[in-house]
Amino acid sequence: MPDAVAPNLVAAVDAARHWRDMMAMAEIGGFIDEAGHPGVNRPCLSPLDRQARRLLISWAEKAGLGVSVDRLGNLFLRHEGSAPGLAPVLTGSHMDSQPNGGRFDGIWGVIAGLEAVRALREAGVATKRPIEVVAWTNEEGGRYAPGCMGSMAYAGFAPPDTWDDVTDRDGIRWADALAEQLALEADIARRPLGVVEGQAPFAYVEAHIEQGPLLEAKEMDIGVVTGIQGSRWFVVELKGKSDHAGTTPLAMRKDAVQDMLRAINALNALMHDPKDVLRFTVASIEVQPNTSNSVAGLVRFTIDFRHPDNAVLQARGNAIEGVIQAAVRDCAVKVTERFHAVPVTFQPEVPDAVEAAARAQGLRHMRLPSGAFHDSQFMVPLCPTGMIFVPCRAGVSHHPSEYATPEALAAGARVLAQVLADLANR
Ligand code: GLV
Ligand code: MN
Ligand code: MN
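Here is a short report on the structure shown in this document. (Residues numbered from 1 in each chain as written. Chains lettered and ligands numbered in written order. Predicted model: local features only at pLDDT ≥ 70, side-chain atom pairs only at ≥ 80, totals over all residues. Heavy atoms only, no water.)

## Thoughts on the overall build of the protein
In terms of regular secondary structure, the protein is built from eleven helices and 17 strands. Relative to the globule expectation of 22 Å for 426 residues, the C-alpha radius of gyration of the protein, 23 Å, shows essentially globular dimensions. Considering only C-alpha atoms, the protein reaches an extent of 80 × 50 × 45 Å along its principal axes. In the protein, buried positions account for 56% of the 426 residues. Pairs at least 24 apart in sequence give 81% of the contacts found in the protein among residues at least 6 apart. Split by element, the accessible area of the protein, about 17000 Å² in all, is 53% carbon and sulfur. For the protein, the separation between the mean place of its 40 positive charges and that of its 51 negative charges on side chains is 2 Å. (Helix = DSSP H or I, 4+ residues; strand = E, 2+ residues; numbered from the N terminus. Rg over C-alpha atoms; globule rule 2.2 N^0.38 Å. Buried < 20%, exposed > 50% of the residue type's maximum accessible area, 1.4 Å probe, protein only. Contact = heavy atoms within 4.5 Å. Areas by Shrake-Rupley, 256 points an atom, 1.4 Å probe, with all protein chains shown as cover. Lys, Arg positive; Asp, Glu negative; His and termini not counted. Charge placed at Lys NZ, Arg CZ, Asp CG, Glu CD.)

In structure tokens, the structure reads:
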């Protein structure tokens, strides 16, 4: 790729339209939190998710793109290339949010893809390869765990029926919610799931807010993402016995909350990392029967464990169950792993293209790895993959105060447009 800017393409990215689209999407599931921050709660496969998808589809159709959906609900918007038989360049991200989420995580990568493709078309920049903008189903794992179901199934990382019996907090099965959504989207053309006729995408590029503080602190416009650390998710179930809180002597109890404290203390020791590279989080806890005057008979808690070094991810992750077994006093322990994404290093093609585009556009850029997981993690075995990060305020994400400026998003969309034009003409 020449290091030149494609001036008409870059100019065709419409910053005002891009921001308007982002704010229109943010209204779907939008709420104001107690501190006055405008958040988004848009669970996957919910009516709000479907409403957002319909809005996206209306924009795509207006832009002249072909729309299709696969059996996991992954939604594709296709810009045809002059050689439609060639493997497409894929770009996109996700439209679902955390329950207490922000307005930019995920959705920006989808809207940026749309804006970049519109710019290509409006600038009359021809591409040999098709470009497809994808909205992956359930990246967040907020309503249905784990996250990245759509991309995992697409990439053949897990069979598509793997999560059929996963339920949300209301007991609604994943398979049923998915079937309902597909039925309501029966008017949308269906496409096979995953790599069609052995034709993997030519490349995958995902635009995303950084969700960390580095780019802002270093006054960078663009993050050239080098790879993603590994993540493992577990659910721990501690089964004790519920009793009367006023009458049962402590020595006679099987108190699941007390054993949870022992387990978490032991896990904190296992996960201790003086370098503060390791990430260990317990953040969802279910207690039964959950009343103040009954001893807890059952506790379920989640573990989110991440590390960039696969050896550490495997060794400490595999030690979790034994450490809990050794720590608890009275409860039966069941540990289930439900997500396992190994660390990835992106192949050089996409990061190099992102860097070249940022340089050509005179944008300050740096290379950095991602601490958050993304659908791109599962694309690495399929095709050259990479990500474009833009700074977000104070690095905050998964919170209503998440914010990225209109200028930062427009800069990212311009880089994406140039990267897509570059890759789709190779
Ligand atoms: C993605 O949402 C993550 O938790 O990293
Ligand atoms: Mn995301
Ligand atoms: Mn997220």
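## Overview of the coordination of the manganese ion (ligand 2)
The protein atoms donating to the manganese ion (ligand 2) are His94 (NE2), Asp105 (OD) and His208 (NE2), with metal-donor distances spanning 2.0 to 2.3 Å. All donors of the manganese ion (ligand 2) come from a single chain, and their spacing in sequence reads H-x10-D-x102-H. Classification of Asp105 by relative accessible area gives buried; the value is 7%. Overall, His208 belongs to the buried group, its relative accessible area being 1%. (Donors = N, O, S within 2.8 Å, 3.2 Å for Na, K, Ca; no water.)

## Description of the coordination of the manganese ion (ligand 3)
Bound to the manganese ion (ligand 3) are the protein donor atoms Asp105 (OD), Glu140 (OE), Glu140 (OE) and His398 (NE2), situated 2.1 to 2.5 Å from the metal. Positions of the donor residues of the manganese ion (ligand 3) along the chain correspond to the pattern D-x34-E-x257-H. The two metals, the manganese ion (ligand 3) and the manganese ion (ligand 2), are separated by 3.6 Å and share Asp105 as a common coordinating residue. In this pair, Asp105 sits in the loop between β5 (89-94) and α4 (107-123) while His398 sits in the loop between β17 (385-390) and α11 (406-423), placing the two residues 293 residues apart along the sequence. Classification of His398 by relative accessible area gives partly exposed; the value is 39%.

## Observations concerning the side chain of Glu237
On the secondary structure map, Glu237 appears in strand β10 (residues 230-239). Within the structure, the side chain of Glu237 is placed 2.8 Å from the side chain of Arg300, a separation counted as a polar contact. (Polar contact = N/O pair within 3.5 Å; in protein donor to acceptor, adjacent residues only side chain to side chain.)

## A word on the pairing of strand β8 (residues 203-209)
Burial of β8 is extensive: seven of the seven residues sit out of reach of the surface. Along β8, one buried face is formed by Ala203, Val205, Ala207 and Ile209 and the opposite face, lined by Tyr204, Glu206 and His208, is buried too. The pairing of β5 with β8 spans three bridges and is parallel. When the bridges of β8 are listed, Leu90 appears paired with Tyr204. Two elements, β8 and β17, share six bridges in a ladder whose sense is parallel. Residue pairing across strands places Ala207 opposite Ile388, the latter belonging to β17. (Pairing = 2+ DSSP bridges.)

## Observations concerning the pairing of strand β4 (residues 75-79)
Most of β4 is tucked away: four of the five residues are buried. In terms of strand pairing, strand β3 (residues 66-69) meets β4 through four bridges, oriented antiparallel. Across the sheet, residue Ser68 finds its bridge partner in β4, namely Phe76. Linking two consecutive strands that pair antiparallel, namely β3 and β4, is a turn of five residues; a positive phi of about 85° is found at Gly73 within it. Taken together, the five bridges between β4 and strand β6 (residues 131-136) define a ladder with antiparallel strand orientation. Its bridge partner lying in β6, Arg78 is registered against Glu132.

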